[in-house]
Amino acid sequence: MAKLLNILGKYKNKAKSALKMENKDELSVEEQVITPETDNVSEETPIEAEPELSEAEKLKIEVAELKDKYLRLYSDFDNFRKRTAKEKLEMIQSASEKVIVDILPVIDDIERATANAQEGEISEGVHLIFNKLSNTLSSKGLKPMDAKGEVFNADIHEAITQFPAPTEDDKGKVFDVVEKGYYLNDKVIRFAKVVVAN
């Protein structure tokens, strides 16, 4: 900008000396033509150029951006890996849930049969087979609920009916179990159907 002003100033001085006009009006008109142009140039604010970054600084900035992208991508992948492993573990643990739930009524029938059978009616072999089945299901994570005498809990018990409590201590507790409840790996797969004392 300063160079432009200097050139304009020199041009103005050369024009005055070279022409040597006799008519001052013509000279004043020429000054008016030149003066507004210089005024416009001087009114403009000089634009400050951004400092040029060296090649090393540009590379440092690019490396910092790439590191940030890498860390974000690594973090996302690590979260994905953990979530997938957790879902896979849950799926493996509960893969047999439907089969076990379907077997539970059979277990209930066998338990009722052995509890109500007369001595010698059910052979020792049937008892051994039932125990083996129970042990196999236990090894897969199946656990029966102990509900009788416990305080009624709506999260694991399903109240079928209410019964008048024989004593004050029995109020709000499970009086009888109609159908056993079961856990599979600490998850309730069947709620215990109970009679609650009131």
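Residues numbered from 1 in each chain as written. Predicted model: local features only at pLDDT ≥ 70, side-chain atom pairs only at ≥ 80, totals over all residues. Heavy atoms only, no water.

Asks: Any chance you could explain the pattern of salt bridges here in plain terms?
Replies: If charged atoms from side chains of opposite charge come close, those side chains can pair. According to the stated counting rule, one finds 11 salt bridges in the structure shown. The residue Glu97 makes a salt bridge to Lys187 at a minimum N-O spacing of 3.2 Å. Within this pair, whereas Glu97 is found in helix H4 (residues 97-116), its partner Lys187 is found in strand S5 (residues 187-190), the two being separated by 90 residues in sequence. For Asp108, the salt bridge identified is with Arg190, shortest N-O distance 2.8 Å. Here Asp108, found in helix H4, pairs with Arg190, found in strand S5; they are 82 residues apart in sequence, far enough to count as distant. Accessibility assignment for this pair places Asp108 and Arg190 in one class, buried. In this structure, a network of salt bridges that share partners links the residues Asp108, Glu179, Arg190 and Lys193. (Salt bridge = Lys/Arg side-chain N within 4 Å of Asp/Glu carboxyl O. Helix = DSSP H or I, 4+ residues; strand = E, 2+ residues; numbered from the N terminus. Buried < 20%, exposed > 50% of the residue type's maximum accessible area, 1.4 Å probe, protein only.)

Asks: How should I be thinking about the nonpolar core in this particular structure?
Replies: Buried together is how nonpolar side chains tend to be arranged in soluble globular proteins. In terms of nonpolar packing, the biggest core is built from nine residues, these being Ile100, Leu104, Ile107, Phe130, Leu137, Leu142, Tyr182, Leu184 and Ile189. Taken together, the elements giving at least two residues each to this core come down to H4, helix H5 (124-139) and strand S4 (182-184). Of the residues forming this core, the biggest block, three residues, is contributed by H4. Not counting residues up to four positions away in its chain, the partners in contact with Leu184 are Gln93, Glu97, Ile100, Lys140, Gly141, Leu142 and Ile189. Of all hydrophobic cores here, the second largest spans seven residues; its members include Ala147, Val174, Ala192 and Val196. (Core = buried A, V, L, I, M, F, W, Y, C linked by side-chain atoms within 4.5 Å. Contact = heavy atoms within 4.5 Å.)

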